[in-house]
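Fold and geometry: a report
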Amino acid sequence: MADRRTQLLDAAVEVVAEQGLGRLTHAAVDAMARVPTGSTVEQFPTARALLEGVTERCIERELEMAAGPDPTIEPSPAGIAAMFGRFVGRALGADRAVTLARYELQSEAARTPSLRAFYAVGADTVDTWVVDLVTRAGSHHPQRDVGIMANYVTGLVFHELALPSPDLDAAGRIRGVIDALGWEAR
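One structure accompanies this document, and this report is about it. Just so it is clear, the structure is predicted and the values come from calculations on it, not from any experiment. (Residues numbered from 1 in each chain as written. Predicted model: local features only at pLDDT ≥ 70, side-chain atom pairs only at ≥ 80, totals over all residues. Heavy atoms only, no water.)

**A look at the pattern of salt bridges**
Pairing is possible between side chains that carry opposite charge, provided their charged atoms lie close to one another. Spelled out, the test is: Note on definitions: salt bridges are taken to be side-chain nitrogens of Lys or Arg within 4 Å of carboxyl oxygens of Asp or Glu.
Summed over all chains, the structure comprises 14 salt bridges. Glu64 serves as the salt-bridge partner of Arg57, at 3.8 Å between the closest nitrogen and oxygen. Each member of the salt-bridge network shares a partner with another, and the members are Asp10, Arg57, Glu60, Arg61, Glu64, Arg90 and Asp95.

As structure tokens, this is what we get:
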């Protein structure tokens, strides 16, 4: 069972995903979490604290979705494509609420620069292991390639949320990007 803070933040993610950021209130989170009125305000006394908390929770959950660093991921173009393909599957499926909430929060970060700092949390850890992985998989420009793939995956997920493909082969599409980048087996 998740602790109370995590329970409330997961409920806040659901509120943002289902109703939009404008409906993120302490009362809405209490209702979504099915906890006594006032529970959310005890943990997050201000609207800003709640917003920062839900942003941090989205980042935590996305790191879980990325499943890394994981030594069992094969350092090859196929292994990298499969890893990102699984991420896309989770982002559009089981973790769809996190994805929808993240896009809402990113839009808010564009308008509220102080929120951008929360998105930097965990980025260095993810970048380090992914850059190492794509280097071992054959990339000659790993930092560039990680950026290209991350932007492609983000765009693919964003597009598929609104206009789902009937038979999406995310790993196949990502493999096409990897092949276009010219990786060579090492």
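Now that the structure has been shown, the text picks up again.
**A look at the packing of aromatic side chains**
Where we set the bar: The criterion for an aromatic pair is that two Phe, Tyr or Trp rings (for Trp, the six-membered ring) have centres within 6.5 Å, with stacked assigned to planes under 30 degrees apart, edge-to-face to planes over 60 apart and tilted to the rest. Under the scheme used here, helices are H or I runs from DSSP no shorter than 4 residues and strands are E runs no shorter than 2 residues, and both carry numbers assigned from the N terminus. Whether a charge sits over a ring comes down to the Lys NZ or Arg CZ being within 6 Å of the ring centre and within 35 degrees of the ring normal.
Counted by the stated rule, this structure contains 1 aromatic pair. Look at Tyr103 and Phe158: their rings are 4.9 Å apart centre to centre, the planes differ by 70°, and that puts the pair in the edge-to-face class. Taken as a pair, Tyr103 in helix H6 (residues 96-111) and Phe158 in helix H9 (residues 142-162) lie far apart in primary sequence, 55 residues in all. Between the NZ or CZ atom of Arg102 and the centre of the ring of Tyr103, over which it lies, the distance is 4.6 Å.

**Considering the side chain of Asp145**
Note the following rule: Think of it in three bands: with a 1.4 Å probe and only protein chains considered, a residue is buried below 20% of the maximum accessible area for its type, exposed above 50%, and partly exposed in between. Polar contact criterion, stated in full: a pair of N or O atoms within 3.5 Å, where within protein one must be able to donate a hydrogen and the other to accept it, and residues adjacent in sequence count only if both atoms are side-chain atoms. Whether two residues are in contact is decided by their heavy atoms: any pair within 4.5 Å suffices.
Position of Asp145 relative to the elements: it lies in helix H9. On the basis of relative accessibility, which here comes to 0%, the residue Asp145 falls in the buried class. In terms of polar contacts, Asp145 uses its side chain to reach the side chain of Ser139, at 2.5 Å. A polar contact is formed between the side chain of Asp145 and the side chain of Trp183, at a distance of 2.8 Å. Among all residues touching Asp145, those that are not within four sequence positions of it are Ser139, Leu181 and Trp183.

**Some words on the packing of helix H4 (residues 47-66) against helix H5 (residues 77-92)**
Defined as follows: The axes are straight lines fitted to the C-alpha atoms, using for helices just the contacting stretch, and the angles between their N-to-C directions are given from 0 to 180°. Note on terminology: angles under 35 degrees are roughly parallel, angles over 145 are roughly antiparallel, angles of 65 to 115 are roughly perpendicular, and the others are oblique. Gly counts as polar in this scheme, as do all residues outside two lists: the nonpolar Ala, Val, Leu, Ile, Met, Phe, Trp, Tyr, Cys and Pro, and the charged Asp, Glu, Lys and Arg.
Contact geometry of H4 with H5 gives a least axis separation of 8 Å together with a crossing angle of 135°. Between H4 and H5, the crossing angle belongs to the class labelled oblique. Across the interface between the two elements, Glu62, Glu64, Met65 and Ala66 from H4 touch Met83, Phe87, Arg90 and Ala91 from H5. Looking at the contact of H4 with H5 residue by residue, the classes come out as 5 nonpolar, no polar and 3 charged.

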